[in-house]
Amino acid sequence: MTASTQTPQTPNATARPSGAPDAAREEMPAGFVWGASTSAFQIEGATGADGRGPSIWDDFCARPGAVLGGDTGEPGADHYRRMDEDIALMRELGLGAYRFSVSWPRVRPGGGGPANRAGIDFYDRLTDALLEAGITPWPTLYHWDLPSELEEAGGWPVRDTALRFAEYAALMGEALGDRIGHWTTLNEPWCSAFLGYAAGIHAPGRTEPAASLAAAHHLMLGHGLAARELRRVCGAQVGIVLNPAELVPHRPVAEDVDAVRRADGVRNRLFTGPLLRGAYPDDVLEDLAPISDFSFVADGDLETIAQPLDFIGVNYYFAERVAADREAAGDAAAEAGPAPALVGTEPAVLLPHGEERTGMDWGVDPRGMYGVLTRMAAEAPGTDLYVTENGAAYPDEVGPDGRVRDSERVSYLRDHLLAVRAAARGGAPVRGYFAWSLLDNFEWAWGYSQRFGLVHVDFATQHRTVKDSGRWYAAAAAAGAVPGAGAAEG
Ligand code: IFM
């Protein structure tokens, strides 16, 4: 099957699809990178191919009730076998860069031990094919698929996992480093630590608050060690991808404002403290003292974690309101997320923010994008920022005419890109934007029920159809601008 040929218009500067930048367009800064992101477990499929080992997500999917509909990493978007078709789609969309993740269990199946040449070859071919297509490859080393053997040995709560991660980083640096300009170590370590080891709603599905804090520390230690290894073997730019939370008090009262401080401590400052300043914030250590004494922090760890960052990746989807407790949240309490994800901040509850909701029931609030970028710019002065993920899930369908009219996604992307532009104009050094996601894919505990792609994937046939949002994004990228006003149309 070839990349979608059904789209009635191929975007270019003269023939723009509806909703594309026009006279009211708003230009992005010169040199701005327009990309799209994916991750290995979410799109590759081929979980048993060519010597790939099992990961914690394969194991989690096999647990009854863990993933909606019993969905698994198969078939994904079958990208492992359709890489060429997908690169053709990226060209069709005019992407300047493609952010993908390397599957650790594909290239080093046991986490430690021997490398798997066939797995490395896949990323080698992907890198070459992207470069040949004029698309800059942006690999992420860890997007949540820890090799099962390492979880059996204790997982991220155990220091050894960070050491194995650094070895794996060196392996990939040696394999691809001559062609990679930007590496990212971890994707959203907050999710790995707290959704995986405290809330238990992501792999490995553990509900151990103390272990989740050790996991957060060892993830960051792994980042620091990996950054050193990458610089040693290939000297490329190295960054990390965070998902900073934009938190607002539910009510303008002292209790909710303090609940924001506590939630911000675990969601944001637990990571930015060590990464940017080489220290855990005092109030966070105090809030978390009943759970952990942080004795897992060894001499020298904080210096290792605070490696200089060439850039920071920022993933933003939605903002949240914080209420001091369920009583303070009132009727909204019914909407609260899973309490264990708020390790150390209970009884505070997080609530969706914004009138409009996406398919994930996430609130739509582009001001939060402006907020996280300007805050990160202030906290890490002089460090380049990239929006490494942003997007929305909607229940897209291919119409009888072969089109996917996803005007809500067009609006979402437009409004968030305008917020990015406002942050850049305000002085935040935002150098690029990667839409999440290139393809519809496996949305973790939600299985295949949520579609984030610019490109629709029929998971039964693997047929790809560029959505209206994909054509809109292509036109925006070609123009280097986003519409300034006007409703998005299908
Ligand atoms: O699909 C995920 C991605 O893997 C990490 N960031 C958020 C996305 C949407 O939930």
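If you're wondering where the values come from, they're calculated on a predicted model, not measured in any experiment. (Residues numbered from 1 in each chain as written. Predicted model: local features only at pLDDT ≥ 70, side-chain atom pairs only at ≥ 80, totals over all residues. Heavy atoms only, no water.)

Details of the packing of aromatic side chains
1) Next: In the structure shown here, the tally under the stated rule is 37 aromatic pairs.
2) Next: Arranged with centres 4.7 Å apart and planes meeting at 55°, the rings of Y448 and F459 form a pair that is tilted. Residue Y448 is found in the loop between β12 (430-436) and β13 (455-457), and its partner F459 is found in the loop between β13 and β14 (464-466); the two are separated by eleven residues along the sequence. Comparing Y448 with F459 shows no difference in burial state: the two are buried.
3) Next: Aromatic rings pair up to connect F41, W57, F60, W144, F442, W444, Y448 and F459 into one cluster.
4) Next: The ring centre of Y80 lies 4.1 Å from the NZ or CZ of R106, which sits over that ring.
5) Next: R267 extends its terminal NZ or CZ atom over the ring of W190, reaching a point 4.1 Å from the ring centre. (Phe/Tyr/Trp six-rings, centres within 6.5 Å; stacked < 30°, edge-to-face > 60°. Helix = DSSP H or I, 4+ residues; strand = E, 2+ residues; numbered from the N terminus. Buried < 20%, exposed > 50% of the residue type's maximum accessible area, 1.4 Å probe, protein only. Lys NZ or Arg CZ within 6 Å of the ring centre and 35° of its normal.)

Points about the side chain of S469
1) Next: Summarising the element assignment, S469 is placed in helix α16 (residues 468-479).
2) Next: In this view, S469 contacts D406, R409, V410, L413, G453 and L454; residues no more than four positions away in its chain are not counted. (Contact = heavy atoms within 4.5 Å.)

A closer look at the sheet that holds strand β7 (residues 246-249)
1) Next: Read from one edge of the open sheet, three strands run β7-β9-β10, paired in mixed fashion. Two strands in the sheet have a free side with no partner beyond their single neighbour: β7 and β10 (349-352). The mean inter-strand angle of the sheet, taken between neighbouring strand axes irrespective of direction, is 40°.
2) Next: Bridging between strand β9 (residues 319-323) and β10 involves four bridges; their strand directions are antiparallel. From the neighbouring strand, A323 faces β10, where its bridge partner is V349. (Pairing = 2+ DSSP bridges. Axes fitted to C-alpha atoms, helices over the stretch in contact; angles between N-to-C directions.)

A closer look at the confidence of the model for the protein chain
1) Next: Here the protein chain averages 92 in pLDDT, and 92% of its residues register 70 or above.
2) Next: Averaged pLDDT values over the elements of the protein chain bottom out at 78 in strand β1 (residues 25-27) and peak at 99 in strand β3 (residues 97-101).
3) Next: Counted against residues more than four places away or in other chains, residues 1-24, with its pLDDT under 50, gives 58 contacts.
4) Next: Every residue in residues 484-490 is under pLDDT 50, and counting partners more than four places away or in other chains gives 17 contacts. (pLDDT = per-residue confidence, 0-100.)

Observations concerning the side chain of R269
1) Next: Residue placement: R269 occurs in helix α10 (residues 254-277).
2) Next: Excluding its chain neighbours within four sequence positions, the residues that come into contact with R269 are R261, D264, P274, P281, D283, V284 and R375.

Section: the packing of α10 against helix α14 (residues 366-379)
Geometry of a packed helix pair, given as the angle between the helix axes and the separation of the axes.
1) Next: At a minimum axis separation of 12 Å, α10 and α14 run at an interaxial angle of 35°. Along this stretch, α10 crosses α14, giving a crossing that reads as right-handed. For the pair formed by α10 and α14, the contact residues are D264, N268, R269, T272, L276 and R277 on the first element and R375, M376 and E379 on the second.
2) Next: Of the residues in the contact of α10 with α14, the class split is two nonpolar, two polar and five charged. (Left-handed = near helix turned anticlockwise from the far one by under 90°. Nonpolar A, V, L, I, M, F, W, Y, C, P; charged D, E, K, R; others polar.)

What about the packing of α14 against helix α15 (residues 407-425)?
1) Next: Put simply, α14 and α15 touch, their axes get as near as 8 Å, and they point 30° apart. One finds that α14 runs roughly parallel with respect to α15. Every pair of crossing elements has a handedness; the one defined by α14 and α15 is right-handed. For the pair α14 and α15, contact is made by P366, M369, Y370, L373 and T374 and by D415, H416, A419, V420, A422 and A423, respectively.
2) Next: Across the contact of α14 with α15, the residue classes tally to eight nonpolar, two polar and one charged. (Parallel < 35°, antiparallel > 145°, perpendicular 65-115°, else oblique.)

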